[in-house]
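Chain by chain, the residues run as shown.
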Amino acid sequence: MVPKPTHFDALIVGAGFGGIYMLKRLLDQNLSVKVIDAASSVGGTWYWNRYPGAMSDTESYIYRYSWDKEDLLSYDWPEHYLKQPQALAYLEHVVERHNLRPHMQFETELIGAQYNSERNIWEITTSTNEIFTCHYLVTALGLLSKQNWPNIPGLKSFKGELYHTGAWPKSHSFSNKRVAVIGNGSTGVQVMTAIAKDVGHMTSFQRSPQYSVPSGDGPVSESYRAQINDNYDAIWDQVRNSAVAFGFEESTVPAMSVSPEERRAKFQEAWDKGNGFRFMFWTFSDITTSEEANREACEFIKSKIAETIKDPEKARKLMPTEFYARRPLCDAGYYEQFNRENVDIVDLREEPIVEVTEKGIKTSEREYEFDVIVLATGFDAVDGNYTRVAIRGRDGESLKDHWSEAGPESYLGVAVSNFPNLLMITGPNGPFTNIPPTLETHVEFISDLIANAEKRNPKNDGQVVKGAVVEATRDAEKGWTDVCNQMSEGSLFHKSPSWIFGANVPGKKYSSLFFFGGLKEYRRRLKEVVDGGYVGFKSF
Ligand code: NA7
């Protein structure tokens, strides 16, 4: 028997940072709202990524919501960076504090969504065999949730323990075990740094050596906390009016405009303060745009790697050769781990993996035996979260079809033409900036857009739900995609093969997945859209 659909004004998919705030905003607008999530509880990224060492690279004082002032001033953050359990506890706390859990349904995965143009509703099917209908479908899927499993022959034949960091088990024990880690992006660096001291033996299987900068973590003093509390309004104002939104002023000084001594002193200062984003954007203005400036940053970090690693062979393998232009990495003593006797590294450029066997990993040179293989191989980022489920707009067109030729396109990272009332929090071509303030920006824009649409187009509830149609025009979508493409072309990120352009997933089109203009500029453009009466959206 086909179950009777349950109708909501809005259905939100995802109970992470974005979905939680979206729920709060829409409930405050007196809409009926439901959140569904495949997980057993709230947290999104912080629910799934429970691997050892998982932590935020954004300082704790801005890795939170800005809109609950009382909570902002009182909720604890003992260290400069939140570890996964703390980030998860914070989100759980917000959900309890604002009594949001009754509106959430867990262990419920979105299977399909179809727009019904006659009634102007979305029809949703789920893993629980329920059918929901909703007027607005809001996706809060995160940027990085669809795991990227490497296509290595024999992976499934491995008889030991096999884990992807993005779906970590609730408990594990690695003591005395031989552990392989494939992947050394920000996740691999965090997990290796955390487990090296606890395992019998660890081998890093590394394809591309990376630049990593110390995070500068440590306990927060009472005076630091007091200083932050005294300045929160100004802090958020600065964050929203900066480029990367990490709580520091980006430099306006080109690297080559100062003497070599001054340059090194600035790099050293950033190194001592910690944080890869600070190192990349606070030191000089052109690290990500000028090859010459970038090379200077590379040389500085390479000198630190050489100083740290005692074994010259390990140091050689860990020495990066590309531009410093991927998502900047931060660590809590990554390179130091390679001075341990129980830690080795295999350079996959010299000896590629041939297959995974029952016992371990076979490279072109030899077979290595392991008890555990950890896949820190990342995610099919941004659009991968959307194309894995069948989301169909007008005439049954799926998002996958819509994006098949030109790559993922959107208007403002929020809306897609031909997909009315589908609103994405950090969809493709949203800003490449610190996540929490970006999510807030999107949630506020989307909820205001819905409030405006509701005011103009009252709907009939019950059997016929017509009401507002919020839909980006094709021209607006195309124009925004062009802007994102043009902006990324000037960046060295464009020349470095990473998930930011979809390069990490074999067969995925190399395309811009982000707006590289910074949060301040992004917010300015959103304001222009709103002030112009929601320019680029039909029926406004
Ligand atoms: P990343 O940054 O995409 O890193 C994945 C790593 O896995 C990277 O070192 C890859 O090497 C490596 N990889 C991927 N596939 C393979 C295969 N088939 N063989 C060997 N090595 C492979 O993912 P993370 O999870 O670290 O970080 C993603 C974001 O999540 C991060 O920016 C944070 O914001 C949170 P490659 O460099 O492609 O040669």
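Residues numbered from 1 in each chain as written. Predicted model: local features only at pLDDT ≥ 70, side-chain atom pairs only at ≥ 80, totals over all residues. Heavy atoms only, no water.

Colleague: Account for the confidence of the model for the protein chain, with residues named and values stated.
Modeller: With 98% of its residues at a pLDDT of 70 or more, the protein chain has an overall mean of 95. Scored as a complex, the prediction yields pTM 0.96 and ipTM 0.99. (pLDDT = per-residue confidence, 0-100.)

Colleague: Would you mind going over the sheet that holds strand β14 (residues 343–347) in detail, with residue names and values included?
Modeller: Sheet architecture is open: five strands sit in the order β9-β18-β10-β11-β14, paired in parallel fashion. Looking at strand neighbours, the two that pair on one side only are β9 (161–164) and β14, the edges of this open sheet. Each adjacent strand pair in this sheet contributes to an overall mean axis angle of 20°, direction not counted. Bridge analysis of β9 against strand β18 (residues 372–375) gives four bridges, and the strand direction is parallel. Bridging across to β18, E161 finds its partner in V372. The strands touched by helix α5 (residues 186–195) within the sheet are β10 (178–182) and β11 (201–206), with β10 carrying the most contacts at an inclination of about 165°. (Pairing = 2+ DSSP bridges. Helix = DSSP H or I, 4+ residues; strand = E, 2+ residues; numbered from the N terminus. Axes fitted to C-alpha atoms, helices over the stretch in contact; angles between N-to-C directions. Contact = heavy atoms within 4.5 Å.)

Colleague: Which residues make up the layout of surface pockets, and what values do they have?
Modeller: The volume enclosed by the second largest pocket comes to roughly 340 Å³. Lining the second largest pocket we find 20 residues, and of these A243, V244, F281, T288 and F516 sit closest to its centre. Residue composition of the lining of the second largest pocket, grouped by class: 10 nonpolar, nine polar and one charged. Counting only domains with at least three residues in the lining of the second largest pocket, you end up with domain 1 (7–146 + 381–531) and domain 2 (155–375). (1 Å grid on protein atoms, 1.4 Å probe; cavity = no way out; pocket = protein on both sides within 12 Å on 5 of 7 lines; lining within 4 Å. Points joined across faces, edges and corners; volume = space filled by probe spheres on them. Nonpolar A, V, L, I, M, F, W, Y, C, P; charged D, E, K, R; others polar. Domains from an automatic or database assignment.)

Colleague: Help me get a handle on the domain arrangement of the protein chain, residues and values and all.
Modeller: Domain parsing of the protein chain yields domain 1 (7–146 + 381–531) and domain 2 (155–375). Each of domain 1 and domain 2 has a C-alpha centre, and the two are 28 Å apart. Interface area, domain 1 with domain 2, both sides summed: about 4300 Å², of which 58% is carbon and sulfur. Contact with domain 2 buries surface across domain 1, with Y51, D57 and L492 losing the most and accounting together for 17% of the total. Our count for the domain 1 to domain 2 interface comes out at five salt bridges. A salt bridge links E291 to K495; the shortest N-O distance between them is 2.9 Å. Connecting domain 1 to domain 2 are 28 residue pairs in polar contact (both at pLDDT 80 or more). Elements with a contribution of two residues or more to the side of domain 1 that touches domain 2: α2 (45–48), β3 (55–59), α3 (69–74), β4 (81–83), α14 (435–456) and α16 (519–531). Split by residue class, the side of domain 1 that touches domain 2 holds 22 nonpolar, 13 polar and 12 charged. (Buried area = accessible area lost by both parts, 1.4 Å probe. Salt bridge = Lys/Arg side-chain N within 4 Å of Asp/Glu carboxyl O. Polar contact = N/O pair within 3.5 Å; in protein donor to acceptor, adjacent residues only side chain to side chain.)

Colleague: Describe the side chain of R64, naming the residues involved and giving the relevant values.
Modeller: Tracing the backbone through its elements, the reader meets R64 in the loop between β3 and α3. Here R64 sits buried without a salt bridge, and the closest side chain of opposite charge, D71, lies 6.0 Å off (N-O distance). Engagement of the side chain of R64 in a polar contact is seen with the backbone oxygen of S60, the distance being 2.7 Å. Beyond its immediate chain neighbours, meaning those up to four positions away, R64 contacts F17, L72, Y75, D76, W77, L82, Y90, Y232, W236, P436 and E440. (Buried < 20%, exposed > 50% of the residue type's maximum accessible area, 1.4 Å probe, protein only. Lys, Arg positive; Asp, Glu negative; His and termini not counted.)

Colleague: Tell me about the packing of aromatic side chains, and please be specific about residues and values.
Modeller: Summed over all chains, the structure comprises 47 aromatic pairs. Aromatic side chains F17 and Y63 sit 5.4 Å apart centroid to centroid with 85° between the ring planes, which places their arrangement in the edge-to-face category. Of this pair, F17 sits in helix α1 (residues 17–28) while Y63 sits in the loop between β3 and α3, and the two are 46 residues apart along the sequence. Accessibility classification places F17 together with Y63 in one group, the buried group. Their ring planes at 40° and their centres at 6.4 Å tell us that F17 and Y90 sit as a pair that is tilted. Of this pair, F17 sits in helix α1 while Y90 sits in helix α4 (residues 84–97), and the two are 73 residues apart along the sequence. Each residue in the set F17, Y21, W46, Y63, Y65, W67, Y75 and Y90 is aromatic and connected to the rest through ring pairs, giving one cluster. When the ring centre of Y90 is taken as reference, the NZ or CZ atom of R64 above it lies at 4.6 Å. Over the aromatic face of W282 sits the side chain of K266, whose NZ or CZ is 4.0 Å from the ring centroid. (Phe/Tyr/Trp six-rings, centres within 6.5 Å; stacked < 30°, edge-to-face > 60°. Lys NZ or Arg CZ within 6 Å of the ring centre and 35° of its normal.)

Colleague: Describe the state of the cysteines, listing the residues and the values that go with them.
Modeller: The tally for this structure, following the rule as stated, stands at zero disulfides. Cysteine C298 is unpaired, with the sulfur of C330 as its nearest cysteine sulfur at 16 Å. (Disulfide = S-S within 2.5 Å.)

Colleague: Summarise the nonpolar core; cite the residues concerned and give the values.
Modeller: With 68 residues, the main nonpolar core has I12, I20, M104, L412, L423, F445 and F537 as its most contacted residues. Each of domain 1 (7–146 + 381–531) and domain 2 (155–375) accounts for three or more of the residues forming this core. Among all residues touching L412, those that are not within four sequence positions of it are N429, G430, H442, F445, W480, Y522, L526, V529 and F537. Core analysis: the second largest hydrophobic core is formed by 61 residues, V244, I309, Y335 and F501 among them. (Core = buried A, V, L, I, M, F, W, Y, C linked by side-chain atoms within 4.5 Å.)

Colleague: Account for the site of the ligand, naming residues and giving values.
Modeller: The full set close to the ligand counts 19 residues, and N184, T187, R207, S208 and R326 are the nearest of them. Between an oxygen atom of the ligand and a main-chain N or O atom of S186, the distance comes to 3.1 Å. A distance of 2.9 Å is found between an oxygen atom of the ligand and a side-chain nitrogen or oxygen belonging to R327. In isolation the ligand exposes 780 Å². Once the protein is present, 85% of that is buried. Here the shell around the ligand is built from residues that sort into seven nonpolar, nine polar and three charged. (Near = heavy atom within 4 Å. Areas by Shrake-Rupley, 256 points an atom, 1.4 Å probe, with all protein chains shown as cover.)

Colleague: Explain the sheet that holds strand β15 (residues 353–356) to me, and be specific about the residues and the numbers.
Modeller: Reading across from one edge, β15-β16-β17 is the order of the three strands in this open sheet, with antiparallel pairing throughout. If you trace the sheet from one side to the other, it starts and ends with β15 and β17 (367–369), each paired once. Taken over all neighbouring pairs, the strand axes of this sheet differ in orientation by 20° on average, direction set aside. The pairing of strand β16 (residues 360–363) with β17 spans three bridges and is antiparallel. Counted as the bridge partner of I361 is Y368 from β17.

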